[in-house]
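Fold and geometry: a report
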Amino acid sequence: MSQELSVSVWRSETNAFQEFAVPAQDNQTILDVVSWIQANSDPTLSYRFACRVGMCGSCAMMVNGEPRWTCRTHVKKVLKSNSLQIAPLRNLPVVKDLATDMEPFFDKWVEAKGVFQGTKTRHDAIEPILPDTAERVAASTAIECINCAVCYAACDSVSGNADYLGPAALNRAWSLVNDVRDGAYEERIEAVSGTGGCHNCHSQGGCAKYCPNDLNPSASIAGLKRKTTRNWFGWGRS
Amino acid sequence: MLTTRLYMLQRLTALIMAPLVLGHLAVMIYAVQGGLDAAEILGRTQGSVLWMLFYGAFVAAVATHAAIGVRVVAFETFGLSKSVLTPLTWLIFILLLSLGLRAVYAVTLSGVLG
């Protein structure tokens with residue numbers, strides 16, 4: 001690796017990429033590179049991050065055209081001809097530079113009924129949930145989402161259909177339709193059956209390819225298609 | 001732009017088409033064994049209720065399946081609104097259905113009905 005990295009960073013004011021030279025390090029993440037530019041070259045550069053350890057889902061950006069969590073992406077892994085291109089996440093409006101407005105992404109979580117609807121009160125006994133039941137296994141496959149929107153940026157169905165709820169929101173819905181403690185099954189099936197619902201997924205699998213936590217929203221969406229089909233025929237839940 | 005109803009219509013018509021495509025391909029291979037001959041083909045299909053139902057169902061399934069597919073492509077490529085998409089879907093459906101049924105009529109009934 002040479003001494004300096006050639007880094008193109010998207011700037012919203014000029015609507016163009018700006019070139020920066022950044023000192024190369026042996027161990028360096030994309031977020032380190034962006035932070036170095038902001039600290040040393042241009043303090044007006046805007047970007048978003050919080051935890052720096054792959055838990056909060058704040059720092060996702062397009063790196064060399066692909067969506068990635070920048071705090072856990074090593075420069076060595078993605079460097080092409082000693083250069084990097086860093087842009088805001090695809091499929092979301094840009095607030096400034098590398099910071100996107102995540103509101104449409106989270107609005108769709110709500111639209112897909114991503115909120116757990118409990119059926120018990122604090123006075124009821126805690127319901128035992130065995131981890132190896134089919135429902136719990138299905139719910140658990142989808143549960144480790146950190147809301148980073150990498151899948152949303154990777155999804156061509158989102159690009160083509162502004163109403164489409166997207167992989168993350170549908171993945172969340174899949175967790176909840178398999179949660180036996182949840183009391184909003186019918187509403188959720190209804191919510192994922194509309195013009196922006198699960199049937200608009202083309203199963204390209206970009207979400208599963210890029211998910212930094214190795215989740216498979218594409219499989220969750222296929223599961224929702226099966227559930228909604230059962231519902232359409234009036235065949236019941238499972 | 002796909003609702004559950006359109007999705008189910010497209011999947012169910014795909015299920016109908018799958019065996020019909022295989023049947024159609026098998027008959028094609030069988031029919032050309034002694035050379036391609038219109039009289040031989042029409043001899044098999046003219047007046048046959050079975051072939052009329054076979055290709056009639058095929059045409060109906062294709063028209064439905066393709067119209068919904070083109071609707072999705074048109075929406076995602078050109079961003080057309082629902083007020084344009086719905087008539088476009090029906091137009092493609094009617095066009096494919098009428099062309100297909102005309103062909104089915106020609107090979108099964110026209111010789112019989114004169």
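Below or above, wherever it landed, is the structure these notes cover. (Residues numbered from 1 in each chain as written. Chains lettered and ligands numbered in written order. Predicted model: local features only at pLDDT ≥ 70, side-chain atom pairs only at ≥ 80, totals over all residues. Heavy atoms only, no water.)

1. Here we look at the packing of aromatic side chains
Residues and elements named next belong to chain A. Note the threshold: For Phe, Tyr and Trp, rings pair up if their centres lie within 6.5 Å, where Trp contributes its six-membered ring, and each pair is then called stacked (planes under 30 degrees apart), edge-to-face (over 60) or tilted (otherwise). Throughout this description, buried means an accessible area under 20% of the type-specific maximum (1.4 Å probe, protein chains only), exposed means over 50%, and partly exposed covers the range between.
All told, the structure shown has 13 aromatic pairs over all chains when counted by the stated rule. A centroid spacing of 5.0 Å and a plane angle of 70 degrees characterise the contact between Phe105 and Phe106, whose relative ring orientation is edge-to-face. For Phe105, a relative accessible area of 2% translates into the label buried. Taking the relative accessible area as the measure of exposure, Phe106 reaches 35% and is therefore partly exposed. Ring-pair connections join several aromatic residues into one group, and the members of that group are Phe105, Phe106, Trp109 and Tyr152.

2. Examining the pairing of strand S3 (residues 60–63) of chain A
The two faces of a sheet get side chains in turn, since along a regular strand they alternate between them. All names here are of chain A. This is how the line gets drawn: Under the DSSP-based scheme used, a helix requires at least four consecutive residues in state H or I and a strand at least two consecutive residues in state E, with every element numbered from the N terminus. By this definition, two strands are paired if DSSP reports at least two bridges between them.
Burial along S3 is two-sided: the face carrying Ala60 and Met62 and the face carrying Met61 and Val63 are both buried. The turn joining S3 and strand S4 (residues 66–69), which pair antiparallel and follow one another in sequence, is formed by two residues; a positive phi near 50 degrees is taken by Asn64. Where S3 meets strand S5 (residues 83–87), two bridges bridge the pair, whose relative direction is antiparallel. Residue pairing in the sheet places Val63 in a bridge with Ile86 of S5.

3. Focus: the state of the cysteines
All names here are of chain A. Note the cut-off: Note that a disulfide, as used here, is simply two cysteine sulfur atoms within 2.5 Å.
Using the criterion set out here, one finds zero disulfides over all chains in the structure. Cysteine Cys59 is unpaired, with the sulfur of Cys71 as its nearest cysteine sulfur at 3.7 Å. Look at Cys59 and you get buried, because its relative accessible area is 5%. In this structure Cys151 is a free cysteine whose sulfur lies 6.2 Å from that of Cys145, the closest cysteine sulfur available.

4. Points about the sheet that holds strand S1 (residues 4–11) of chain A
Residues and elements named next belong to chain A. Inclusion rule: Each axis is a line fitted through C-alpha atoms, taken for helices only over the stretch in contact, and angles between the N-to-C directions span 0 to 180 degrees. Residue contacts are defined here by distance: any two heavy atoms, one from each residue, within 4.5 Å place the two residues in contact.
Strands sit in the order S2-S1-S5-S3-S4 across an open sheet of five strands; the sheet is mixed. In this open sheet, the two strands that pair with only one neighbour each are strand S2 (16–23) and S4. Each strand of the sheet is rotated relative to its neighbour by a mean of 35 degrees, with strand direction disregarded. Strand contacts of helix H1 (residues 30–41): S1, S2, S3 and S5, with the helix running at about 95 degrees to S2, the strand carrying the most contacts.

5. Some remarks on the nonpolar core
Taken as a class, soluble globular proteins show a tendency for nonpolar side chains to be buried jointly. Residue and element names in this part refer to chain A. This is how the line gets drawn: Here the nonpolar core consists of buried residues drawn from Ala, Val, Leu, Ile, Met, Phe, Trp, Tyr and Cys, with membership extended through side-chain atoms lying within 4.5 Å.
Judged by nonpolar contacts, the single largest core of 37 residues is most densely connected at Phe105, Leu170 and Leu224. Mapped by element, the contributors of at least two residues to this core are S3, helix H3 (103–111), helix H5 (150–154), helix H7 (167–177), helix H8 (185–191) and helix H10 (217–233). Counting residues per element, this core draws most heavily on H7, which supplies six residues. Setting aside anything within four residues of it in sequence, one finds Leu224 in contact with Leu170, Ala173, Trp174, Val177, Val192 and Cys198. Judged by nonpolar contacts, the second largest core, of 21 residues, contains Ile37, Leu45, Met61 and Cys71.

6. Brief notes about the interface of chain B and chain A
Note the following rule: Two parts placed together each lose some accessible area under a 1.4 Å probe, and the buried area is that loss summed for both. A carboxyl oxygen of Asp or Glu within 4 Å of a side-chain nitrogen of Lys or Arg is what we treat as a salt bridge.
Between chain B and chain A, the contact holds eleven residues from the first and 13 residues from the second. Taken together, both faces of the contact between chain B and chain A bury some 1200 Å²; the carbon and sulfur share is 61%. Considering only the surface of chain B that becomes buried against chain A, B:Thr4, B:Tyr7 and B:Glu76 emerge as the three largest contributors, covering 41% of it. Counting across the interface, chain B meets chain A through zero salt bridges.

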